[in-house]
Each structure stands twice: as structure tokens, then as C-alpha cells.
Amino acid sequence: MHEFLEHNSESPDTVTRELGRRIRVLRAERGWSQEVLAELSGVHRNYIGHVERARIHMSVVQLARIARAFGLTPGTLIDGPPPAGMNVPVSRDPV
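Thresholds, definitions, all that
- Residues numbered from 1 in each chain as written.
- Predicted model: local features only at pLDDT ≥ 70, side-chain atom pairs only at ≥ 80, totals over all residues.
- Heavy atoms only, no water.
- Core = buried A, V, L, I, M, F, W, Y, C linked by side-chain atoms within 4.5 Å.
- Buried < 20%, exposed > 50% of the residue type's maximum accessible area, 1.4 Å probe, protein only.
- Helix = DSSP H or I, 4+ residues; strand = E, 2+ residues; numbered from the N terminus.
- Contact = heavy atoms within 4.5 Å.
- Axes fitted to C-alpha atoms, helices over the stretch in contact; angles between N-to-C directions.
- Parallel < 35°, antiparallel > 145°, perpendicular 65-115°, else oblique.
- Left-handed = near helix turned anticlockwise from the far one by under 90°.
- Arc of directions from axis to C-beta.

Caption draft 1: Examining the nonpolar core more closely. Formed by 17 residues in total, the largest nonpolar core has its most connected members in Ile-23, Leu-37, Met-58, Ile-66, Phe-70 and Leu-77. The set of elements that each furnish at least two residues to this core consists of α2 (12-29), α3 (34-41), α4 (45-52) and α5 (60-70). With 5 residues, α5 is the single largest residue contributor to this core. Apart from the residues within four sequence positions on either side, Ile-66 is in contact with Ile-23, Leu-37, Ser-41, Val-43, Ile-48, Met-58 and Leu-77.

Caption draft 2: Just the packing of α3 against α4, in detail. Two numbers describe how α3 lies on α4: the axes approach to 8 Å, and their chain directions differ by 115°. When the axes of α3 and α4 are compared, the pair comes out roughly perpendicular. Two packed elements cross with a definite hand, and for α3 against α4 that hand is right-handed. Each of Gln-34, Glu-35, Leu-37, Ala-38 and Ser-41 in α3 lies in contact with α4, whose residues at this interface are Arg-45, Ile-48, Gly-49 and Glu-52.

Caption draft 3: Structural detail: unusual backbone geometry. Notably, Ala-54 is not glycine yet its phi reads approximately 60°, a positive angle. Here Ala-54 shows up in the loop between α4 and α5. A relative accessible area of 29% places Ala-54 in the partly exposed class.

Caption draft 4: Here's a closer look at α5. All buried positions along α5 are accounted for by Gln-62, Leu-63, Ile-66, Ala-67, Ala-69 and Phe-70. Buried residues of α5 fall within an arc of 155° about the axis and therefore sit on the same side. Those residues of α5 that are exposed and angled more than 90 degrees off the buried face are Val-60 and Arg-68. Looking at the buried residues of α5, the elements they touch are α2, α3, α4 and α6 (74-79). Following α5 by one or two positions, Gly-71 has its phi on the positive side, about 80°.

Any functional reading would require information beyond the geometric quantities listed.
Shown next, in the form of C-alpha cells:
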């Protein structure tokens, strides 16, 4: 397993699922359809649908395009504060 994932105890599937969820919530908060996000990002609508449903692992290029459409950096899209519409449990583990 990749060292980053070992230290953060997140599987690739968990990361993919959470990223898809973040994208779906951000898109919904803006009132955008998948078609609108596709047009703004230059990423095909079907690809966005697959990402949101965690059917594929997104490429770095596609991640950057989608992040840019939201006015975010790829890092913020992946690991920034959760969008207002996401109900994320707070970790009780000490850092």
C-alpha cells in the first residue's frame, strides 16, 4: 500500500468516494448540473458522473480541471474544509 495511505489510514476507495461526494456537494451548492460542471471544467459529463459515484479514480489533469471550475486548488478540493452541505463526522482521535 502507498505510504501516504498507510499514514492516513484511508484506502484508495475511501479517498475516491469522499472526493466524489465533495464534488457532488460543491456542484449542488452552486446549483450546477453535471453538464454545467463539464462545460466549465472541460471534462466530459459522463466522467464527472463516474467520479461522483466513485466508479473511477480521477487523473491529476481531470482533478485540476474540476478544481479550477470551482475556483479551488486540487489540494483544497481533496483536503480542504468540507463544503457546507457535507455532514462530516468530527474525528475524536488525538492528532
